[in-house]
Each structure stands twice: as C-alpha cells, then as structure tokens.
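These are the residues of each chain, in order.
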Amino acid sequence: MYPEYMHESLKKVEQSRNKRLELEKSGEPVFPPMTAEEREDVLTKFHPDYKPDARRKIKVGPNKGEELTTEVADMLEAYSRVMPGLFDLDDPDYETDVLIIGGGGAGCAAAIIAAEHGAKSIISTKLRLGDANSMMSQGGMQAAGKQHDPPTRHYLDAIGGGHFDNVPKLVRAMTEDGPDVVKWLEDLGVIWDKNEDGSVHVLHGGGTSRKRMLSCRDYTGAIIMRTLMDEVRNHPEKIEVIEFMPTVELILDGKGKCAGCILYDLETEEYYVAKAKATIIATGGYGRLHIRGFDTTNHYGATGDGLIMAYRAGAKLMYMDSVQYHPTGSAFPEQIAGFLITEKIRGAGGQPLNKHGELFVFPREPRDVESAAFIRECVEKHNGIETPSGRTGVWLDSPLIEKLRGDGYLNKNFPAMHRQFIKYGIDITVEPMLVYPSLHYQNGGIAINEKCETNIKGLYVAGEASGGVHGRNRLMGNSVLDYNVFGRRAGEYAAEYAKSAKLGTLTLSHVDDYDKELKQAKIKADKVAPVLLPLYTPEAVRERQLTARYEGTLR
Amino acid sequence: MATKAEAKKKPAKTKAKTEKPEEKLVTVYIMGKAHQVPADATIMGAIEYAGYQIKRGAGCREGFCGACGTVYRVPGDYKIYAGLACTTLVEDEMYLTQLPSFPAEKPVYNIKKLAPTVSTFQKLYPEVFRCVACNTCSKACPQDLEVMDYIQAAMRGDIEQVMDLSFDCLCCGLCAARCPAEIVQYNVGLLAKRLYGKYLSPESKEVNKRIKEVDKNAFDKEYKELMRMAEDKLKKKYYDRDME
Ligand SMILES: Cc1cc2nc3c(=O)[nH]c(=O)nc-3n(C[C@H](O)[C@H](O)[C@H](O)COP(=O)(O)OP(=O)(O)OC[C@H]3O[C@@H](n4cnc5c(N)ncnc54)[C@H](O)[C@@H]3O)c2cc1C
Ligand code: FES
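Residues numbered from 1 in each chain as written. Chains lettered and ligands numbered in written order. Predicted model: local features only at pLDDT ≥ 70, side-chain atom pairs only at ≥ 80, totals over all residues. Heavy atoms only, no water.

## Description of the domain arrangement of chain B
Residue and element names in this part refer to chain B.
In step 1: Each domain of chain B was delimited in the assignment, giving domain 1 (25-98) and domain 2 (111-200).
In step 2: Each of domain 1 and domain 2 was reduced to a C-alpha centroid, and the two centroids are 27 Å apart.
In step 3: Contacts between the two partners involve 11 residues from domain 1 and, on the opposite side, eight residues from domain 2.
In step 4: Between domain 1 and domain 2 the total buried area reaches about 660 Å² when both faces are included, carbon and sulfur atoms providing 70% of it.
In step 5: Where domain 1 meets domain 2, there are zero salt bridges.
In step 6: Along the contact surface separating domain 1 from domain 2 lie zero residue pairs in polar contact (both at pLDDT 80 or more).
In step 7: Elements represented by at least two residues in the side of domain 1 that touches domain 2 include exactly β4 (69-73) and β5 (81-84).
In step 8: Taken together, the residues of the side of domain 1 that touches domain 2 break down into six nonpolar, five polar and no charged. (Domains from an automatic or database assignment. Contact = heavy atoms within 4.5 Å. Buried area = accessible area lost by both parts, 1.4 Å probe. Salt bridge = Lys/Arg side-chain N within 4 Å of Asp/Glu carboxyl O. Polar contact = N/O pair within 3.5 Å; in protein donor to acceptor, adjacent residues only side chain to side chain. Helix = DSSP H or I, 4+ residues; strand = E, 2+ residues; numbered from the N terminus. Nonpolar A, V, L, I, M, F, W, Y, C, P; charged D, E, K, R; others polar.)

Right, here's the structure in full:
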C-alpha cells in the first residue's frame, strides 16, 4: 500500500495515462532517444561509475596501475584465507578431468557438455546447486532467430550498447551461437514462450533494434536453471556435485598451468585439495559487494570470488572499472528494496515517469544511460518520489501494459512480479511500481578468448565472471545467452584439453608471492578474500562475538 | 521455550540514509528461542537481525530459488503455516523454523528416451498414484500453486496441465515435507515441464532455418566486415540503424 502522501503523484500518473497510451500505440518512440552526445553527458554527470572516488589505482597484480572500481580494488588487495604451507598437495582429496567452480548456469552448461566430450567433472559450489544469479533472471534471453534479424544485427546492437568496447570475436561467438542455444535448451526441455504457430514469442529489451527477447513467462532463469540442474543430476557417473563447498584458491603446477583448487567446507570449516587437468571458473558476479552502498539484485553468494582467485594466479582482468546498475530496482516497500523489476516490463510498454506523471526519458535506452537518467531526474531535477525510509524513486507505469495488451496480460506474463508486490498490498495491474537503480551486473571480468581460455594454461572462464563480451555495458538478455554460449564452449574446450594435459608438481607458491607483493606495497592485512558471503549481522551483535577474530565474513 | 521477557533487544542496524524514528519491535521464536526484531522485517531479515550468519536457508533472497522454506505457527492457532523466509513478513509471537533441506527422491533418467505420456510418471514416480487428494501440498505452497491439481493431472497424463500449474514452482520442498503419500511434487512438476518443452511445445521453424544458415557460415562475410570496420563508421552504422 502506498502511503497517503504519494496519492497526489499517483493521481497524476493516472491522469496522463490515456495520452501516453495513444503515444505508445502510435508506434513512434514515446520520448526522443538520446544522441551520442546526450548519452555521454548524462553518463559522466550522473552514472555512479563517474563519481570521483568510484575508481582507484590497483597497487598489485597483473592489472597493477590500472583504475578499477574501488570496492573491486579493495577486494583484490586482500590477503589469502589459507596458509599455503599447511597443505599436502601431493595427496589430493579429489581428482578429476575438469573442475568447475560455481554451480550456476555457466557451470552446469559446462558440466553437461564436458560429459558429452567424455570428461569427468566436479562442480564445486558455494551454496546449493543453482543458488545463483542464473536462477533469478526474469526478462529473457536474446537470440537472433527471426528472418529480419540476422545475428549480425544482434552483433551491432550488442557492440553499440557496450559503447564499442566489446571484444569483437567474443560478440560474434555469442550472437552466432544464439539460435543453436535456443534449440539446445528446448531439446533439454526448456519451455519458451511461443506464438500459436510455434514461432518463438519475442519482445524488445533496452538497446535492441529488433524484437529478439525470448522468455519463459517471467521465470526465464528459473526454468532454464532447473532444467540444466536436472540434466546435471542425470549424469552422476560423469559429474560430481559438491555443495556448500566453495573454492578459495587455485592451484598451479610448476610450469604455471592451472592444476586444481583448494575447497573450503562452509559448514565444517575444513579445507580440501582438488587436482584437475583443467579448471573452469563460473563463479558469476559481485553484487553482494554492495558497491557504493547500493542495494543489489544479486543472489547471496555473488561476491566476485572468481576474480580474486584468478588474479592471484596471474590472470588478467578486463573492464573492471565498470559496474552495471539496473535502472529498475524496487524502491518501495523497504522489504524488497533493490529487488529486480525486470526490463521486460519496459519491453512490454511500461513507462518510467516522474512525480508529475511525465515521461522524461526513452524507456529503452541502454541500461547505464537509463539509470543515469533516473538518477538525474531524482537528484538534479528533484522530480523523484521520496519513500518513508528516505529513498527516492520514479514511477514505472505497469497498468499501462494492461491497457495496451489487454486485461490479464500482467498476471499471465509477470506472475513473479505480481506476487512480489501483492504481498504488500500493491496491485501492479492498477498501480505503478516505484523504482530506482540497483547494483546488478559485473560488466567486466577475467579476460578470455572465444574458447574461454585465459592467459593461464588450463584455466577457463565462462559467464558473468568473464570480461570482454559486453564491453562496458551489457544489454538485457545477453547474459543468459552469454552463460549458455560460453558455458558450453568452456565445457567443450576444457574437456578436449584435459585429454592430453600433463600436470607437473602442484604448488600454491603464487599465493605466497601475492601476499608478499601486498606486504611490499604496504597494504594492511585487515581483509581476506574471497569474501564468500556478505555480512548482514548487526554491529551490536558483532561487538559481542568475542570468541574468534573475524576478518572476512567467515572465520 | 524462552519467554518474551528474555528476548534480547538488538539495536537497529545503522542506516546511513536517514535518522529513523524508534523502530517498532516484535518477538519471534527462532527454533524455539525468543528474539526481538523489527516489526516490518522479513523472516530472513529477522534471522540476520537476531545475529545468525545464514549459511543454509538463503539463496536468491528474492523469491526465486526456494532455499528458504520456513514453517511457522502463531499462538492460539492450530494451523501450520509455510512461507519463504525472504519474502514473508514476521508476525508478533510467531514461532518458526527453516527447512532448508528435505530428503527427496530424484530418479536418474535419459530425457531423450522418455515418452510424454502417463507411463513415464508410472515408471519414474509411481508414488504419484498414492495421492489421497488431501490438498495439504497446495496449502503448504508459498507460491499459492494448485499443487494437488497438478499431481492429479500427472495421474491423468495431462502433461500440459502439469506444466502450466507447476510453472512457477520454486522447488522449496514444503509440499513434499507435508505430503502423507510421500510424493515429491516439485520433481514431478519439473519432469513434466521438461517433457513439455522437449516433446509437446510446437517447434520453431524459423529458428531451425537460422541454425542451418549459421552452419553454412552464411553470415561470415557480414561479420568480417563489421569486425574490421573503423570505429567511426561502426558508430554511424549503429546510430543510423532502423528500429523494429
Ligand atoms: C535478479 C536478476 C535478474 C536477471 N535477469 C536477466 C535477464 O532477464 N536476462 C539476462 O540476460 N540476464 C539477466 N540477469 C543476469 C544473468 O542472470 C547472470 O548474469 C547470469 O545468470 C550469470 O550466470 P553465471 O553462471 O555466470 O553465474 P551465476 O548464475 O551467478 O552462478 C555462479 C555460481 O557460482 C557460485 N560461486 C560463487 N563463488 C564461488 C566460489 N568461490 N566457489 C564455488 N562456487 C562459487 C555461486 O554461488 C553461483 O552458484 C539477471 C540477474 C539477476 C541477479
Ligand atoms: S532465498 Fe531464494 S526463494 Fe527465498
């Protein structure tokens, strides 16, 4: 239920609705899309990445001297959780062909394909299998399957959306594999939304010039992720899943090849050695680092662990200066602050409005531009709506969609959204939602080529943990595609590589070396990484927890 | 069980944004132990406010993964309630426990070798036919799904209906925990969905055609051109492109 004082503004939204509906129906853009210059202007003035302290120089490691997102630099300059000398690396607890770190979409896709290529694999995952950002995507997946939409058009949209920083070969791989991913997933049992004639039902997303967003109602991620998980579990002879057992360090061999990892049992607090011919990092993103204090849409385990493990082992990172804020995080009620409101709402015709019920931006600008425009509307123009807890937001007019597409459309196509709000007495078929940007996606990551190889032999990366595919701004629907395309590729290339890979003596000396480098750079030993879990224990409780010295989040 | 008076009051988390007026607190019993927590907290927020670092029992934190299934009662009411900790609000005096894991049968199968008919359920989940239609599963469902109806549909081999009714299932396991016939409803739903997607959903001819074109390398030339293009030309092409 919206508080009394918001009613006046809500009334204005209602009053302008019919006119905006006509505008929407006219087929013309409902608000003029920004030019290149206008985009640049709003980004530099209002996007959180451009705040003076948003970035700083990293003092150590392969990207030394580069400007990175401050919180990322802080994490990369943390000490290891382990004392390398305590491990007997000659007597591993686990041995396998391919070790997959992270049981989200990329990890599961990799395991399924690696098994097809004859490899045995182990998935080490932090929480349960599928407790991952992949489970949460609502809006959909881009893939160029329509006649008037060649994959090269998808390429152009992705490159432009990424501000032309994307690695061309990776974008080609992603867009060209897209149609096959649609079929592969359907053959595994994913239920795409279809039109009567069997063609896939598609919508626009931010930055798309063709409708190519496929979906499974608004449980796209849940349907795909559960299908992949179920398939993983149908191959127990090939794939071993170890839950609540995150990886905390990579192991190399004497020649610098990746040779496995150190696992940590979250519950018993034991460490284990896993030896593997090839290793795939599929640990996803970092929303739970709460960059610049933002709320996040991400799952509980999204703490950027893959970045630090790979970085310590010498892998290069790319575009770790750019953070994606999703324009439409929920701003009210407080209990769901930061939760994602899918971009599909705007794809279906939902319009962002200020407190006067007016349009102020084209609804489908690329995400960074759209977010910056929302922030400008609230911060500079003071046209936002304040919440009782001191947040601000703009309206996202969902009832317009019902008018545009007919009664019942929201309930049928956005059951998750409807459910989320009705619990708090807000019926999104008759009232708009209040939204503000929320920390959503790690644009950059570990640098890879189109075979998912890194600069470390035997180390592969797929999904949100990788960098380069999306340049400095990912478009909606391209990361579900990304984790499928590159998850499959990583599975294939890692399995093939494992067939002939020979490992030397296992070592953790890179961990010692990195700690030394930190000391030389005079970096205080007050933080450890990977972070593993965010800390939500109240300060007062922390003060009473006297039995152990907590450094990171877990002992 | 601890009494309300023993419950420790925890100061509110320091929120940078604004000075909040004194928070209203209620008492909840977490696995039998009393804690004072903010009245408007979710169950998950309350557990963390009380000082627990959650390891099991939290995944997506937004109502998609089903990691946080919780059962609770309120005084003076015989009913067992079920909800997701991440999206259910606390109530004064509620006593709750999380059920992050519940043993469940999941047979291994080869999806390529199954038939989209009732025989598949007979083979893989014969216990489905023990359903006594008590509807306890539906009452336990935090998504308010008609769980019993989809189990009945499975008995009839109506895969499309099982798919439709179980589409929004989060596999939290609360139905299976409550079922007197020992059915694992959510796995039955998942199987039906995979069968529907693979065998019953109409095929998209356009997509198949496109895959063939890609296989023949039909876009190679155009890709190479784009990949070689000078940035200013590429930019112009991008900003000039037509919109559907
Ligand atoms: C709410 C939400 C909605 C979204 N909607 C869309 C959408 O509509 N369309 C779209 O294209 N994209 C969307 N995205 C983005 C997309 O879902 C993700 O980018 C993508 O799923 C990432 O897949 P992944 O496999 O790389 O990572 P994840 O799916 O996050 O999987 C990573 C896994 O690794 C585990 N892990 C982390 N650290 C460790 C460790 N140290 N050891 C072992 N395991 C570890 C994690 O727990 C997790 O299980 C959305 C994201 C969110 C959060
Ligand atoms: S934590 Fe995922 S549903 Fe509650």
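## Remarks on the sheet that holds strand β11 (residues 317-318) of chain A
All names here are of chain A.
In step 1: The strand order across the open sheet built from three strands is β11-β17-β19, with neighbouring strands paired in mixed fashion. The open sheet terminates on both sides in strands that have one partner only, identified here as β11 and β19 (466-467).
In step 2: Here β11 runs beside strand β17 (residues 445-447); their pairing, made up of two bridges, is antiparallel. Looking across to β17, one finds that L317 is bridged to I446. (Pairing = 2+ DSSP bridges.)

## With respect to the packing of aromatic side chains
Two aromatic rings, taken as a pair, are described by how far apart their centres are and by the angle between their planes.
In step 1: Per the stated rule, a full pass over the model turns up 15 aromatic pairs over all chains.
In step 2: A ring pair is formed by A:Y155 and B:Y223, whose centres lie 5.7 Å apart and whose planes are at 80°; its orientation type is edge-to-face. Within this pair, whereas A:Y155 is found in helix α5 (residues 151-161), its partner B:Y223 is found in helix α9 (residues 220-228), the two belonging to separate chains.
In step 3: With a relative accessible area of 1%, A:Y155 lands in the buried category.
In step 4: With a relative accessible area of 0%, B:Y223 lands in the buried category.
In step 5: Three or more aromatic residues joined by ring pairs form one cluster here, namely A:Y2, A:F332 and A:W395.
In step 6: Note that A:R474 overlies the ring of A:Y441, its terminal NZ or CZ placed 3.9 Å from the centroid. (Phe/Tyr/Trp six-rings, centres within 6.5 Å; stacked < 30°, edge-to-face > 60°. Buried < 20%, exposed > 50% of the residue type's maximum accessible area, 1.4 Å probe, protein only. Lys NZ or Arg CZ within 6 Å of the ring centre and 35° of its normal.)

## So, the site of ligand 1
Residue and element names in this part refer to chain A.
In step 1: For ligand 1, the set of nearby residues contains 40 residues, the closest of which are S134, G140, E464, S479 and V480.
In step 2: The contact in question runs from an oxygen atom of ligand 1 to an N or O atom on the backbone of G105, over 3.2 Å.
In step 3: N478 is positioned such that a nitrogen or oxygen atom in its backbone is 3.4 Å from an oxygen atom of ligand 1.
In step 4: Its free accessible area being 1,000 Å², ligand 1 has 99% of it covered by the protein chains.
In step 5: Its atoms largely coinciding with the cavity grid, ligand 1 occupies the largest cavity.
In step 6: Elements with a contribution of two residues or more to the shell around ligand 1: α4 (105-116), α8 (305-312), β16 (433-442) and α14 (478-500).
In step 7: A total of four residues in the shell around ligand 1 trace back to one element, the largest contributor, which is α14. (Near = heavy atom within 4 Å. Areas by Shrake-Rupley, 256 points an atom, 1.4 Å probe, with all protein chains shown as cover. 1 Å grid on protein atoms, 1.4 Å probe; cavity = no way out; pocket = protein on both sides within 12 Å on 5 of 7 lines; lining within 4 Å. Sits in = over half its atoms within 2 Å of the grid points.)

## As for the confidence of the model for chain B
Residues and elements named next belong to chain B.
In step 1: With 91% of its residues at a pLDDT of 70 or more, chain B has an overall mean of 92.
In step 2: Segment residues 1-5 is flagged for pLDDT under 50; beyond a separation of four residues in sequence, or across chains, it makes 12 contacts in the model.
In step 3: Across residues 12-19, confidence stays below pLDDT 50; counting only partners more than four residues off in sequence or on other chains, it has 11 contacts.
In step 4: As scored by the predictor, the complex reaches a pTM of 0.95 and an ipTM of 0.93. (pLDDT = per-residue confidence, 0-100.)

## Brief notes about the confidence of the model for chain A
In step 1: When pLDDT is averaged along chain A, the result is 95, and 98% of the positions lie at 70 or above.
In step 2: Here residues 551-555 of chain A scores under 50 on pLDDT; set against residues more than four positions off or in separate chains, the count is 20 contacts.

## Let's talk about empty space enclosed by the protein
In step 1: Using the criterion set out here, one finds seven cavities of 30 Å³ or more in the structure.
In step 2: Those elements giving two or more residues to the lining of the largest cavity turn out to be α4, α8, β16 and α14 of chain A.
In step 3: No other element matches the four residues that α14(A) contributes to the lining of the largest cavity.
In step 4: Residues of the lining of the largest cavity, tallied by class, amount to 14 nonpolar, 27 polar and nine charged.
In step 5: Shared between two domains, the lining of the largest cavity takes at least three residues from each, and those domains are domain 1 (4-30 + 327-439) and domain 2 (84-322 + 443-506) of chain A.
In step 6: Along the walls of the second largest cavity sit 14 residues, with B:C141, B:P142, B:C169, B:C172 and B:C175 positioned nearest its centre.
In step 7: Put simply, the parts of the chain that give the lining of the second largest cavity at least two residues each are α4 (147-156) and α6 (174-178) of chain B.
In step 8: The residue makeup of the lining of the second largest cavity, split by class, is 12 nonpolar, two polar and no charged. (Points joined across faces, edges and corners; volume = space filled by probe spheres on them.)

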